[in-house]
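Chain and residue survey
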Amino acid sequence: MDRRKFLAHFGVGALGMVLAGPLLAEDKGGGNAKSNSGASSSKTGATVGSLMPGNTGANGRIVVIGGGMAGATVAKYLRMWGGTGVDVTLVEPNAAYYSNIFSNMVLTGERTLGQLAFQYSSLTSKYGVKWVAKSVTAIDPVSQRVMLSDGNSLPYDRLVIAPGVEFDALPMSGAAAAQAKVVHAWKAGPQTTSLQAQIAAMTSKDTFILTIPAKPYRCPPGPYERACVVADYLKRVKGGGKVIVLDANPGIQAEVNNFTKAFTDPKLHGNTITYVPNASLISIDADRGKVSTTAGAFTGKVINAIPPHKAGRVITDSATGLANVAGRWAGVNMLTYESTAVPNVHVIGDAAATSQPKAGHIANAEAKVCADAIIHLLRGEAVNPAPITNSACFTPITRGTASWLSVVYRYDPASASMLPTGNGVTESAGISSDNYEQMLKWFSNLMSDTFS
Ligand SMILES: Cc1cc2nc3c(=O)[nH]c(=O)nc-3n(C[C@H](O)[C@H](O)[C@H](O)COP(=O)(O)OP(=O)(O)OC[C@H]3O[C@@H](n4cnc5c(N)ncnc54)[C@H](O)[C@@H]3O)c2cc1C
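Residues numbered from 1 in each chain as written. Predicted model: local features only at pLDDT ≥ 70, side-chain atom pairs only at ≥ 80, totals over all residues. Heavy atoms only, no water.

In the annotation of an unreviewed UniProt entry, the protein chain is listed under the name FAD/NAD(P)-binding oxidoreductase and assigned to Candidatus Thiothrix phosphatis.

1. Looking at the packing of aromatic side chains
As enumerated under the stated definition, the model contains 13 aromatic pairs in all. When the ring of F102 is compared with that of F443, the centres are 4.0 Å apart and the planes differ by 20 degrees; the resulting orientation is stacked. With F102 in the loop between β3 (96-98) and α3 (104-107) and F443 in helix α11 (residues 433-451), this residue pair connects regions lying 341 residues apart in the sequence. With a relative accessible area of 8%, F443 lands in the buried category. Taking 5.5 Å as the distance between ring centres and 45 degrees as the angle between the ring planes, the aromatic pair formed by Y224 and F259 counts as tilted. (Phe/Tyr/Trp six-rings, centres within 6.5 Å; stacked < 30°, edge-to-face > 60°. Helix = DSSP H or I, 4+ residues; strand = E, 2+ residues; numbered from the N terminus. Buried < 20%, exposed > 50% of the residue type's maximum accessible area, 1.4 Å probe, protein only.)

2. Some remarks on the pattern of salt bridges
In total, this model carries 14 salt bridges according to the counting rule given. Here D168 makes a salt bridge to K310, at a shortest N to O gap of 3.8 Å. Residue D168 is located in the loop between β10 (165-167) and β11 (172-173), and its partner K310 is located in strand β19 (residues 309-311); the two are separated by 142 residues in the primary sequence. Counted as one network, the salt bridges with shared partners bring together E166, K187 and R313. (Salt bridge = Lys/Arg side-chain N within 4 Å of Asp/Glu carboxyl O.)

3. Digging into helix α6 (residues 190-200)
Three or more residues of α6 are buried, namely T192, L195, Q198 and I199. One face of α6 carries all of its buried residues, which in axial projection span an arc of 125 degrees. Lining the buried residues of α6 we find α3, α5 (176-181), β12 (207-212), α7 (222-238) and β18 (302-305). (Arc of directions from axis to C-beta. Contact = heavy atoms within 4.5 Å.)

4. Examining the site of the ligand
As a structural note, the neighbourhood of the ligand is formed by 35 residues, with E92, Y97, R218, D350 and H361 the closest of them. Between E92 and the ligand, the recorded distance is 2.6 Å, taken from a side-chain N or O atom to an oxygen atom. Those elements that provide at least two residues to the shell around the ligand are α2 (69-82), α10 (360-378) and β23 (388-398). For the shell around the ligand, the per-class residue count stands at 19 nonpolar, eleven polar and five charged. Composition of the shell around the ligand by domain shows at least three residues from each of domain 1 (3-166 + 310-451) and domain 2 (179-307). (Near = heavy atom within 4 Å. Polar contact = N/O pair within 3.5 Å; in protein donor to acceptor, adjacent residues only side chain to side chain. Nonpolar A, V, L, I, M, F, W, Y, C, P; charged D, E, K, R; others polar. Domains from an automatic or database assignment.)

5. Quick notes on the layout of surface pockets
Quantified by volume, the second largest pocket comes out at close to 430 Å³. In terms of lining, the second largest pocket is formed by 22 residues, of which the most central are P220, Q356, P357, K358 and Y409. Of the residues forming the lining of the second largest pocket, the biggest block, three residues, is contributed by strand β24 (residues 401-412). Among the residues making up the lining of the second largest pocket, the classes are represented as 15 nonpolar, five polar and two charged. Each of two domains, domain 1 (3-166 + 310-451) and domain 2 (179-307), supplies a minimum of three residues to the lining of the second largest pocket. (1 Å grid on protein atoms, 1.4 Å probe; cavity = no way out; pocket = protein on both sides within 12 Å on 5 of 7 lines; lining within 4 Å. Points joined across faces, edges and corners; volume = space filled by probe spheres on them.)

The structure is reproduced here in structure tokens:
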């Protein structure tokens, strides 16, 4: 794909500074190194302040909960655009963030978890973000403080919550050891390693069963991507094996053309993958490897069950009323990402209930809209009345080929929601090695924009 087509497909050209997007492949991650005040863009040996303006007239204490795709981005951009008057504290218990994006490739040995680890050192050293390695256990919106796992608390003028998702318990029976093998691996970490080992132990006679919950779930194309890379691995490395995809949804939820081809074409995974729609999970018998669904019962060696999700516990367990959408997600104002239940509290990323997908790319985009809005609010200014966001997702189909989807959203004042522009979701015309090359650059730029 040439540069012009890349810009057109991914909507980067129209977006401007405040908006997100995959950075241009040509930018090699340096594309966002400049602040909007024109501060230094030095990429190496940067000292605090060299990548951000002085006082821009925005002053306040911002606490950010969660250093994932949304939280790390908002912390960085609040400083980079807001300047020295915006005091940003990021509360995240883990020393490294393990990217979910590309974690399906850990399952097949194409990546290691270590290669997907991102630290917070750039946020602290380049942008002066304060990182507190604790969890937030409670929020007091009256005194405007968050309580930390060590018993201390932090005051805020504005709070940004980006805790990602938690998972419901599975309807499962069987011995504890058998149940422990049934993992979701839908949050990169120990479960990813466990599932990788189980797949590596499969033979050409074995079956891998993947269950997909009803939407909304994080990364709409992600489960189908997983089915493809596992099928590819079984064929390539084991010389056979089966993948059964039990989808609670009525059909494939993203990249319908490319996944339909991948699932049916015998040259791809047509002989390996069986796709079953309308298969809502009823129960799992872990001892027998039996999965019962509304579309029948299936037996397999490895069961990878992705449970329904909800917003992170700091939202759903909170007495604040933040989880005001079906008791599972946080309703937000789409111009600011401020909670519709609790003033001065913003929710971004997977935890927010929006018309946009739950995905890392758009979490990065939402974070920038939120950062821009908070900076304007701190200055007593009106916020941008017409934000634009975009989402892109590249999907490995085999080792060395990929497809992609892209969509640009624009604020619609009539519905007060973000609606897709143009033709809506665009998917790549096919599955190709060129897409795979673009995928590697896209990931590198997205993660660089988030953590560097
Ligand atoms: C297999 C897989 C593949 C994917 N592929 C893609 C893809 O190709 N493209 C794409 O755009 N998206 C993809 N996604 C989706 C993407 O990973 C998520 O949508 C994205 O990570 C959401 O970002 P987030 O910041 O909301 O949550 P997360 O990235 O999950 O970050 C949440 C952070 O909050 C922290 N936290 C939680 N609770 C607390 C607390 N109480 N106190 C302090 N910190 C807390 C956690 O430790 C974590 O670091 C994929 C997901 C999976 C599972």
